[in-house]
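Descriptive structure summary
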Amino acid sequence: MEQTLSIIKPDAVAKNVVGQILARFEAAGLRIAATKKTRLSRVDAEAFYAVHKDRPFFNDLVEFMISGPVVVSVLEGENAMAKNRELMGATNPKEAEPGTIRADFADSIDANAVHGSDSLENAAVEISFFFAQREIH
Ligand code: UDP
C-alpha cells in the first residue's frame, strides 16, 4: 500500500487544528500509519528542505519550521501521495481550491499549514527521516 509523509506545520499546530486536519485524511480514506508531535532543530529543518537551499525563501522557511512544534504522520492508502497533495491544495492558500486544508487553515504562502511529499521517491526519503520502520503500522 502506498505511503506518504505529512507534516502539520507550526502555524496549524498553534491554531489547534491538528485533529481537524488528521480527520480530513481519514475521511478521504487514508490511514494514519504513524504520527507524532516533534520539534525540528535548525539542522533538521535545513536537511529536510535541502532541495530548496538555493531558493530565496529558504532561510525564512527554516525559521518558520523551527518556530514551534509540528505533527508528522505517515499516511497510507491507495494513491496516498497524490491524494494527500489534493487534500492539501495549492502551495499559496490564495490559489488553493475551496475545501482544501490550505484554503481553510493557511494564512500565507510561507505559513501554509501542511507539507506533503511530492513524489514517491521523496516520500520514502521523508518517511525514513522521521520514523523507524518499527514505528509504522
Ligand atoms: N515557500 C515559501 N515561499 C514561496 C514558495 C514556497 O515560503 O514562494 C515554502 C512553503 O512553506 C512551501 C515550501 O516552501 O510549502 C515548499 O515549497 P514547494 O514549492 O515544495 O511547495 P509545496 O510542495 O509545499 O506545496
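Residues numbered from 1 in each chain as written. Predicted model: local features only at pLDDT ≥ 70, side-chain atom pairs only at ≥ 80, totals over all residues. Heavy atoms only, no water.

Quick notes on the site of the ligand
Taken together, Lys9, His52, Phe57, Leu61, Arg85, Thr91, Arg102, Ile109, Asp110 and Asn112 form the complete shell of residues around the ligand. At 3.4 Å from an oxygen atom of the ligand is found a main-chain nitrogen or oxygen belonging to Asp110. The separation between an oxygen atom of the ligand and a polar side-chain atom of Asn112 is 2.9 Å. A total of 500 Å² of accessible area belongs to the ligand in isolation, and the protein chains cover 82% of it. (Near = heavy atom within 4 Å. Polar contact = N/O pair within 3.5 Å; in protein donor to acceptor, adjacent residues only side chain to side chain. Areas by Shrake-Rupley, 256 points an atom, 1.4 Å probe, with all protein chains shown as cover.)

What to know about the nonpolar core
Grouped together as the largest cluster of nonpolar side chains are 22 residues, with contacts concentrated most on Ile7, Met65, Phe130 and Phe131. Those residues within four positions of Phe131 in sequence are excluded, and the remaining contacts are Leu5, Ala34, Thr35, Lys36, Val72, Ser73, Val74 and Ile136. In terms of nonpolar packing, the next biggest core, distinct from the first, is built from 18 residues, Val13, Val17, Leu30 and Ile101 among them. (Core = buried A, V, L, I, M, F, W, Y, C linked by side-chain atoms within 4.5 Å. Buried < 20%, exposed > 50% of the residue type's maximum accessible area, 1.4 Å probe, protein only. Contact = heavy atoms within 4.5 Å.)

Remarks on the UniProt feature "binding site: ATP" (unreviewed entry) in the protein
The feature "binding site: ATP" (unreviewed entry), as annotated in UniProt, sits at Lys9, Phe57, Arg85, Thr91, Arg102 and Asn112 in this numbering. In the annotation above, Lys9, Phe57, Arg85, Thr91, Arg102 and Asn112 are the residues that line the largest pocket. Checked against the element boundaries, Arg85 lands in helix H5 (residues 80–88). The class of Arg85 is partly exposed, set by a relative accessible area of 33%. Apart from residues no more than four positions distant in its own chain, Arg85 is found in contact with Gly116, Ser117 and Asp118. Following the sequence through the fold, Asn112 ends up in the loop between helix H6 (101–105) and strand S4 (114–116). Non-local contacts of Asn112, meaning those with residues more than four positions away in its chain, are made with Lys9, Asp11, Phe64, Thr91, Pro93, Arg102 and Ala106. (UniProt positions renumbered as here; feature names shortened; annotations may be inferred. 1 Å grid on protein atoms, 1.4 Å probe; cavity = no way out; pocket = protein on both sides within 12 Å on 5 of 7 lines; lining within 4 Å. Helix = DSSP H or I, 4+ residues; strand = E, 2+ residues; numbered from the N terminus.)

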